[in-house]
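Each chain is listed here by its residues.
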Amino acid sequence: QVHLMESGGGLVQAGGSLKLSCAASGVSFQWHVMSWYHQPPGKERELVASVSPPDGRTTYTDSVKGRFTISRDDHETTIYLQMNGLKPQDTGVYYCHAKGIGTVDFWGTGTLVTVSS
């Protein structure tokens, strides 16, 4: 059974930093693409960053390149999102996502990030 639990959200001033964590169980980082999604208030959920098996290749949406870093701890089966230079438009709920080949999508319940101007 897959379970994803996000943590690390909170209130931060523009220009500040936060580090989100996603504790994952029931997944293998050798088989699942692990991602972070962002859902701004009143808008659709959008992909922010992914880390892919087996070599941990990372991809980012243009708006966060150079500011956010996704990483994984294979031993702890935890995914991180280091967010630097936060902007008010980064405000929203951040979701951890896992998907393996031929499997359904798995989602965490999200963690709220609020960036004040």
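Above: the structure in question.
Conventions and cut-offs
- Residues numbered from 1 in each chain as written.
- Predicted model: local features only at pLDDT ≥ 70, side-chain atom pairs only at ≥ 80, totals over all residues.
- Heavy atoms only, no water.
- Disulfide = S-S within 2.5 Å.
- Helix = DSSP H or I, 4+ residues; strand = E, 2+ residues; numbered from the N terminus.
- Buried < 20%, exposed > 50% of the residue type's maximum accessible area, 1.4 Å probe, protein only.
- Salt bridge = Lys/Arg side-chain N within 4 Å of Asp/Glu carboxyl O.
- Phe/Tyr/Trp six-rings, centres within 6.5 Å; stacked < 30°, edge-to-face > 60°.
- Core = buried A, V, L, I, M, F, W, Y, C linked by side-chain atoms within 4.5 Å.
- Contact = heavy atoms within 4.5 Å.

1. Structural notes on the state of the cysteines
Right, on to step 1. The full count for this structure, using the stated rule, is one disulfide.
Right, on to step 2. With a sulfur-sulfur separation of 2.1 Å, C22 is cross-linked through a disulfide to C96. Torsion about the S-S bond of the C22 and C96 cystine: about -80°, corresponding to left-handed handedness. Residue C22 is located in strand β3 (residues 18-25), and its partner C96 is located in strand β9 (residues 92-100); the two are separated by 74 residues in the primary sequence.
Right, on to step 3. For C22, a relative accessible area of 0% corresponds to the buried category.
Right, on to step 4. Accessibility expressed as a relative area gives 0% for C96, which makes it buried.

2. Points about the pattern of salt bridges
Side-chain pairs of opposite charge can arise whenever the charged atoms involved come near each other.
Right, on to step 1. Inspection of the entire model under this criterion finds four salt bridges.
Right, on to step 2. Across the pair K65 and D62 runs a salt bridge whose closest N-O atoms are separated by 3.0 Å. We note that K65, like D62, is exposed.
Right, on to step 3. Ionic pairing is found between R67 and D90, a salt bridge with its closest N-O pair at 2.8 Å.

3. Comments concerning unusual backbone geometry
Right, on to step 1. Cis rather than trans, the peptide bond between P53 and P54 has omega equal to -10°.
Right, on to step 2. Note that P54 resides in the loop between β5 (46-52) and β6 (57-60).
Right, on to step 3. Phi at T77 takes a positive value of approximately 45°, unusual for a residue other than glycine.
Right, on to step 4. Take T77: it is sitting in the loop between β7 (68-73) and β8 (78-83).
Right, on to step 5. Exposure remark for T77: the relative accessible area of 26% places this residue in the partly exposed category.

4. What to know about the packing of aromatic side chains
Right, on to step 1. This model, assessed by the stated rule, comprises two aromatic pairs.
Right, on to step 2. Judged by centre distance (4.8 Å) and plane angle (70°), the ring pair of Y37 and W107 falls under edge-to-face. Here W107 lies in strand β10 (residues 106-107) and Y37 lies in strand β4 (residues 32-39), a separation of 70 residues in the sequence.
Right, on to step 3. Overall, Y37 belongs to the buried group, its relative accessible area being 19%.

5. What about the nonpolar core?
Right, on to step 1. By size, the foremost hydrophobic cluster in this structure holds 25 residues, and its most contacted members are M34, W36, F68, I79, L81, M83 and Y94.
Right, on to step 2. Contributions of two or more residues to this core are made by β3, β4, β5, β7, β8, β9 and β11 (111-116).
Right, on to step 3. Of the residues forming this core, the biggest block, four residues, is contributed by β3.
Right, on to step 4. Each residue touching M34, except ones within four places of it in the same chain, is listed here: L4, A24, V27, F29, A49, S50, V51, I70, I79, C96, H97 and A98.

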